[in-house]
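Structural overview
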Amino acid sequence: PAEAKPFPPYVAWKNQSQMIQHTATTIETKRSAYGTSIVTPADRLYIRNNLPAPDASIVNDRDGWSMAVEGVRSPRTLTVRELKSMGIETTATVLQCSGNGRGYFPSKPSGTKWQVGAAGCVIWSGVPVRSVVAALGGLADGARFITGTGGEKLPDGIDPKSVMVERSVPITNLEDALLAWEMNGEPLPHAHGGPLRLIVPGYSGVNNIKYIKRLAFTAQESDAAIQKTGYRISPPGQKHSPSEPSVWEMGLKSWINGPGPDTGPVKAGTVQIHGVAMGGMQAVKRVDVSIDGGQTWREAKLVGPDLGRFAWRQFVLPVKLEPGTYQLVCRAQDVKFNWQEETTPENSGGYLNAGWRAHGFSVTVA
Ligand code: MSS
């Protein structure tokens, strides 16, 4: 099995027994490895790289890392040391790959067949992007997007636009976006984008640029392929086109982690059904659990401190189960009274699957 393969050097420090390695650049958390507290430990947080990660030596001098800022009144290159003098903020967000849940689309779109594990809840600390903008004299005229560029060395002999990791998000994210140098109380690991990463709360993984080397406030979206034609919601089987919606905001979503399809046999008696729920841009208000595939529902209890609207909530429902087979599903409601969708329509990239039915599974109680 894929899990047996040792992890490549840049992620060798990960807890390999708690993860599923699809490839050297796509590694997910096992459903059973999320636990019941809120924050996902770094050593089991998923990994996704579109390009090979830069050399780990880039974190040898973290404070010396520099990032160019463009599209402000006084454009400049700033070091992490300088950024640290401009402000500090800490935010918990769900970091989730756009393709998380792709493995549950019936048509099996191409790309990594992520189940639930290309996600985690992470605490970031860094400087608000808006503070950096203020320190550099404010936005230049016409800025409509925040565009971040990854610090990877690009392969020779290829059009850089075809491979570079550069994404644009609407300027409205100035409110909440962060340039983070710490993750879960530690210097940001190189594998997760250290020394410096752009965090766009509520937006899917690809918009959170690792090892950021350029931050530009632009009039247009990036013309890099990853923005122009990649990561778009297109009809099944069709190529992405720039006119289709970009994979930006995440949706309302929840899933059960335990007992799970990978937690082994369940003993009859009282079972604590638990999982996670996230609202995308809105806080989660409520989670319902069903043991009969959605015919009847019971409200679960939200567990632990509320880390803000961009974090996920853990939930639990104690249920007495007799021997038999049960179909476990859950669905979340946000503070605007929207319910999680039952089925996410197929799209060619297999993005943003948040359908509650597809994330369910059956357990046998003996
Ligand atoms: N950044 C950079 N620089 N590069 C790359 O490749 N990727 C993406 C993000 N960012 C990249 C970046 C993706 S795609 C994702 S998910 C994320 O990141 C991940 O993260 P981690 O830390 O987990 O690895 Mo899908 O939507």
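Residues numbered from 1 in each chain as written. Predicted model: local features only at pLDDT ≥ 70, side-chain atom pairs only at ≥ 80, totals over all residues. Heavy atoms only, no water.

Our next topic: the overall build of the protein. Per the secondary structure count, the protein includes four helices and 21 strands. For 366 residues, the compact-globule estimate of 2.2 N^0.38 gives 21 Å, and the C-alpha radius of gyration of the protein, at 21 Å, lies within 12% of that figure. Expressed as lengths along the three principal axes of its C-alpha atoms, the size of the protein is roughly 65 × 40 × 40 Å. When the 366 residues of the protein are sorted by exposure, 55% land in the buried category. Of the contacts made within the protein by residues no fewer than 6 positions apart, 70% connect residues no fewer than 24 positions apart. Of the roughly 15,000 Å² that the protein leaves accessible, carbon and sulfur atoms contribute 53%. Placing the 38 positive and 32 negative side-chain charges of the protein at their respective mean positions leaves the two points 3 Å apart. (Helix = DSSP H or I, 4+ residues; strand = E, 2+ residues; numbered from the N terminus. Rg over C-alpha atoms; globule rule 2.2 N^0.38 Å. Buried < 20%, exposed > 50% of the residue type's maximum accessible area, 1.4 Å probe, protein only. Contact = heavy atoms within 4.5 Å. Areas by Shrake-Rupley, 256 points an atom, 1.4 Å probe, with all protein chains shown as cover. Lys, Arg positive; Asp, Glu negative; His and termini not counted. Charge placed at Lys NZ, Arg CZ, Asp CG, Glu CD.)

Here we take up the pattern of salt bridges. This model, assessed by the stated rule, comprises 14 salt bridges. A salt bridge links aspartate 176 to arginine 309; its shortest N-O distance comes to 3.3 Å. Of this pair, aspartate 176 sits in the loop between strand 9 (166-170) and strand 10 (178-183) while arginine 309 sits in the loop between strand 18 (301-303) and strand 19 (313-321), and the two are 133 residues apart along the sequence. We note a salt bridge from lysine 320 to glutamate 322, for which the minimum N-O separation is 4.0 Å. Several salt bridges converge on common partners, so that one network encompasses Glu70, Glu166 and Arg214. (Salt bridge = Lys/Arg side-chain N within 4 Å of Asp/Glu carboxyl O.)

Looking at the ligand, there are 21 residues lining it, with Cys97, Ser98, Glu152, His192 and Lys210 nearest. Measuring from an oxygen atom of the ligand, one finds a backbone N or O atom of asparagine 50 at 2.6 Å. A distance of 3.0 Å separates a nitrogen atom of the ligand from a polar backbone atom of asparagine 208. Of the residues contributing to the shell around the ligand, the split by class is ten nonpolar, seven polar and four charged. (Near = heavy atom within 4 Å. Polar contact = N/O pair within 3.5 Å; in protein donor to acceptor, adjacent residues only side chain to side chain. Nonpolar A, V, L, I, M, F, W, Y, C, P; charged D, E, K, R; others polar.)

Note on placement: threonine 147 falls in strand 8 (residues 145-150). Taking the C-alpha atoms as reference points, threonine 147 and isoleucine 209, separated by 62 residues in sequence, lie 9.3 Å from one another. Setting aside chain neighbours within four positions, we find threonine 147 in contact with Glu166, Arg167, Ser168, Arg214, Leu215, Ala216, Thr218, Gln220 and Ser222. A distance of 2.8 Å separates a polar atom in the side chain of threonine 147 from a polar atom in the side chain of serine 168. A polar contact of 2.9 Å, which involves the side chain of threonine 147, links it to the side chain of threonine 218.

Further remarks concern the sheet that holds strand 19. Overall, antiparallel pairing links the four strands, which are arranged 14-15-19-18 in an open sheet. Edge positions in the open sheet fall to strand 14 (253-258) and strand 18, since each of these has one partner strand only. Across this sheet, the average inter-strand angle for adjacent strands is 35°, counted without regard to direction. Relative to strand 15 (residues 269-278), strand 14 runs antiparallel, the two being bridged by five bridges. By the bridge assignment, isoleucine 256 is partnered in strand 15 with glycine 275. (Pairing = 2+ DSSP bridges. Axes fitted to C-alpha atoms, helices over the stretch in contact; angles between N-to-C directions.)

Pairing is antiparallel in the open sheet, where four strands are placed in the order 17-16-20-21. Every interior strand has two partners, whereas the edge strands, strand 17 (298-299) and strand 21 (361-365), have only one. Bridge count between strand 20 (residues 324-334) and strand 21: five bridges; the pairing is antiparallel. By the bridge assignment for strand 21, glycine 324 is matched with valine 365.

Our focus in this paragraph is the side chain of serine 246. In this fold, serine 246 is placed in the loop between helix 4 (225-228) and strand 14. A distance of 3.2 Å separates polar atoms of two side chains, one belonging to serine 246 and the other to arginine 167. Ignoring sequence-local partners within four residues, the contact set of serine 246 consists of Arg167, Gln227, Tyr231 and Arg232.

In this structure, the amide linkage connecting glycine 194 to the following residue, proline 195, adopts the cis form with an omega of 10°. Among the secondary structure elements, proline 195 is positioned in the loop between strand 11 (186-187) and strand 12 (197-199). The step from glycine 258 to proline 259 runs through a cis peptide bond, and the omega angle for that step is -10°. Within the fold, proline 259 resides in the loop between strand 14 and strand 15. Non-glycine residue asparagine 184 carries a positive phi angle of around 50°.

When we look at a pair of aromatic rings, we describe it by the centre distance and by the angle of the planes. Counted according to the given criterion, the structure contains six aromatic pairs. Their ring planes at 85° and their centres at 5.4 Å tell us that tyrosine 34 and tryptophan 312 sit as a pair that is edge-to-face. Note that tyrosine 34 is positioned in the loop between strand 2 (26-29) and strand 3 (47-48) and tryptophan 312 in the loop between strand 18 and strand 19, a separation of 278 residues in sequence. For the residue pair tyrosine 34 and tryptophan 312, the accessibility class agrees, reading buried in each case. Three or more aromatic residues joined by ring pairs form one cluster here, namely Tyr34, Trp255 and Trp312. When the ring centre of tryptophan 297 is taken as reference, the NZ or CZ atom of arginine 331 above it lies at 4.2 Å. When the ring centre of tryptophan 339 is taken as reference, the NZ or CZ atom of arginine 331 above it lies at 4.5 Å. (Phe/Tyr/Trp six-rings, centres within 6.5 Å; stacked < 30°, edge-to-face > 60°. Lys NZ or Arg CZ within 6 Å of the ring centre and 35° of its normal.)

Across six bridges, strand 16 (residues 284-290) lies against strand 20 in antiparallel orientation. Its bridge partner being in strand 20, serine 290 is matched across the sheet by valine 329.

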